[in-house]
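If you want the building blocks of each chain, they are given just below.
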Amino acid sequence: MKVEEVKEVQKTTRSSNLNFTIYQQIKQGLNPAKISKKFNIKKTTLKYYLSSLKRVGFIKKVGYGVWEIISEFDKNKFKQVQKCLKK
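Definitions and limits used
Residues numbered from 1 in each chain as written. Predicted model: local features only at pLDDT ≥ 70, side-chain atom pairs only at ≥ 80, totals over all residues. Heavy atoms only, no water. Axes fitted to C-alpha atoms, helices over the stretch in contact; angles between N-to-C directions. Helix = DSSP H or I, 4+ residues; strand = E, 2+ residues; numbered from the N terminus. Left-handed = near helix turned anticlockwise from the far one by under 90°. Contact = heavy atoms within 4.5 Å. Nonpolar A, V, L, I, M, F, W, Y, C, P; charged D, E, K, R; others polar. Core = buried A, V, L, I, M, F, W, Y, C linked by side-chain atoms within 4.5 Å. Buried < 20%, exposed > 50% of the residue type's maximum accessible area, 1.4 Å probe, protein only. Expected span 1.5 Å × (residues − 1). Arc of directions from axis to C-beta. Polar contact = N/O pair within 3.5 Å; in protein donor to acceptor, adjacent residues only side chain to side chain.

> Describe the packing of helix α2 (residues 32–39) against helix α3 (residues 43–56), naming the residues involved and giving the relevant values.
Their axes nearest at 10 Å, the elements α2 and α3 cross at an angle of 120°. In terms of crossing hand, the pair formed by α2 and α3 is right-handed. Together, Pro32, Ile35 and Ser36 of α2 and Lys43, Leu46 and Leu50 of α3 make up the contact between the two elements. Classifying every residue of the contact of α2 with α3 gives four nonpolar, one polar and one charged.

Put into structure tokens, the structure is as follows:
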């Protein structure tokens, strides 16, 4: 594998795991500010992942800094929707 391919695989794996991690933290009741501090993630980066989870239909915004789980995390559904959105 070339170096570029390895980086792309690592990037994809990390983002997939990060989406699930953020989903789990919201499920536990943490707000975005606490999640960003806990995992040392920039707020803009966290906002990106929250919006992708929202687009797929896993979470919805209830109020300022309050998110709610509306469906269970399904890795396959997430990948399918993300591929459709990129086209």
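> How would you sum up the nonpolar core? Please name residues and give values.
Among soluble globular proteins, nonpolar side chains are generally buried collectively. Ile22, Ile26, Leu50, Leu53, Phe58 and Ile59 are the most contacted members of the largest nonpolar core, which totals 16 residues. Of all the secondary-structure elements, those providing two or more residues to this core are α1 (3–27) and α3. Excluding residues that lie within four positions of it along the chain, leucine 50 makes contacts with Ile22, Ile26, Pro32, Ile59 and Trp67.

> Give a detailed account of α3, specifying residues and quantitative values.
Its 14 residues give α3 an end-to-end C-alpha distance of 20 Å, which sits within 8% of 20 Å, the value for a rise of 1.5 Å per residue. Listed as buried for α3 are Leu46, Tyr49, Leu50, Ser52, Leu53 and Val56. The buried side chains of α3 occupy one side of the element, clustering within an arc of 160° when seen end-on. Residues Lys43, Thr44 and Lys47 are exposed on α3 and point more than 90 degrees away from its buried face.

> Please give an account of the side chain of glutamine 25 that cites residues and values.
Position of glutamine 25 among the secondary structure elements: in helix α1. For glutamine 25, a relative accessible area of 6% translates into the label buried. Polar side-chain contacts of glutamine 25 include one of 3.1 Å to the side chain of lysine 38.

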